[in-house]
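Remarks on the overall topology
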Amino acid sequence: MTDPANGPLKIAYSPCPNDTFVFDAWAHGRVPGAPPLDVTFADIDVTNGVAESGTGDFDVLKVSYAVLPWILDEWALLPCGGALGRGCGPLVLSREPGLDLAGKTVAVPSERSTAYLLFRLWAADVVPGGVGEVVVLPFHEIMPAVRDGRVDAGLVIHEARFTYRDYGLRCLADMGEHWEATTGHPIPLGAIVARRSLGDDALRRLAASARASVGAAWADPEASRPYVREHAQEMDPAVADQHIALYVNDFTADLGDAGYAAVRGLLERAAAEGLVPPVKPGALDFV
């Protein structure tokens with residue numbers, strides 16, 4: 001494991017536009033005083049597995065909020081840099097409108113993802129018979145699988161919100177709408193975590209660096225465009241802009257009281273349903 005005082009800091013996050021936008025300034029040395037980054041791009045299902053297994057030598061990871069109950073002994077939640085907001089929840093898609101999901105096959109991007117947790121909480125409320133088989137597929141394969149009839153429905157995230165109609169699909173339900181309507185909280189999606197073993201001073205420095213990188217991205221959005229486009233090559237630039245506008249917001253700069261309340265609410269409700277272990281008191285608090 002590297003010492004962030006001497007760098008480089010080993011970090012893994014997704015190639016999605018919100019992550020590359022947020023971390024562009026830091027990754028390219030434009031955040032004064034921030035440790036240099038050694039960046040690995042990885043799907044969030046991969047980073048969730050790394051955090052949970054303890055494998056690898058990463059210092060900082062982008063993970064799903066849903067995986068926190070399994071990792072908080074070793075990893076600390078940073079209060080910035082992640083994805084949490086309103087109107088940005090996962091969608092359940094199908095070929096036919098009004099499909100009854102009882103007993104049906106549903107493709108999901110990960111069983112440790114926040115999207116899946118929100119889906120399970122939604123299904124507990126509105127699919128009394130319970131869904132049938134859950135199939136884990138890479139995110140980019142889910143909409144084609146639904147379109148081609150290999151699964152009955154799919155749970156999608158990120159830019160699929162803007163592109164699912166291109167596949168001839170219908171939105172059965174918006175997990176975020178259900179979450180907001182039933183709790184009043186914004187929607188927790190992706191979190192930034194760092195190893196507790198780095199020490200409190202280092203964790204505070206990392207949080208300050210992430211927050212400064214977000215501020216730099218907002219101050220000069222054009223500066224991040226080459227980095228965003230490089231890692232979202234197959235995405236329409238207009239969709240990438242929509243993606244950033246939706247997932248990078250005030251909660252990215254600072255979770256604040258409302259953000260922490262949303263995270264606690266999600267994990268407490270999920271624990272009550274037996275979907276995740278309970279979180280220890282104080283485990284979500286930052287140093």
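This one's a predicted model, so the numbers in the text were calculated from it and none came from an experiment.

Thresholds applied
- Residues numbered from 1 in each chain as written.
- Predicted model: local features only at pLDDT ≥ 70, side-chain atom pairs only at ≥ 80, totals over all residues.
- Heavy atoms only, no water.
- Buried < 20%, exposed > 50% of the residue type's maximum accessible area, 1.4 Å probe, protein only.
- Helix = DSSP H or I, 4+ residues; strand = E, 2+ residues; numbered from the N terminus.
- Pairing = 2+ DSSP bridges.
- Phe/Tyr/Trp six-rings, centres within 6.5 Å; stacked < 30°, edge-to-face > 60°.
- Lys NZ or Arg CZ within 6 Å of the ring centre and 35° of its normal.
- Core = buried A, V, L, I, M, F, W, Y, C linked by side-chain atoms within 4.5 Å.
- Contact = heavy atoms within 4.5 Å.

Side-chain alternation along strand β9 (residues 153-156) places Ala 153 and Leu 155 on one buried face and Gly 154 and Val 156 on a second face that is also buried. Two strands pair when backbone bridges link them, and strand β6 (residues 91-94) and β9 are joined in this way by 4 bridges, in the antiparallel orientation. Bridge pairing links Val 92 to Leu 155 in β9. Relative to β9, strand β7 (residues 106-108) runs parallel, the two being bridged by 2 bridges. Paired with Val 106 across the bridge in β9 is Ala 153.

Following the criterion strictly, the structure yields 6 aromatic pairs and no others. With 6.1 Å between their ring centres and 35° between their planes, Phe 23 and Trp 26 make a pair best called tilted. Residue Phe 23 and its partner Trp 26 are located together in helix α1 (residues 17-27), separated by 3 residues, close to a single helical turn. With a relative accessible area of 1%, Phe 23 lands in the buried category. Looking at Trp 26, the relative accessible area reads 3%, which means it is buried. Lying across the ring of Trp 70, Arg 112 places its NZ or CZ 3.7 Å from the centre.

Below, the discussion takes up the environment of Ala 123. As for its placement among the helices and strands, Ala 123 is situated in helix α4 (residues 114-126). Owing to a relative accessible area of 10%, Ala 123 belongs among the buried residues under this scheme. With 115 residues separating them in the primary sequence, Ala 123 and Pro 8 have C-alpha atoms 43 Å apart.

On to the nonpolar core, then. Nonpolar side chains tend toward joint burial in soluble globular proteins. Counting residues in each nonpolar core, the largest one holds 68 residues, and the members touching the most others are Leu 61, Val 63, Tyr 65, Leu 68, Leu 101, Phe 119 and Trp 122. If you tally residues by element for this core, the top one is α4, at 8 residues. What Leu 101 contacts, discounting residues up to four positions off in sequence, is Val 92, Val 106, Phe 119, Trp 122, Val 127, Gly 130, Val 131, Gly 132, Ala 153 and Leu 172. With 34 residues, the next largest nonpolar core counts Phe 23, Ala 194, Ala 207 and Val 248 among its residues.

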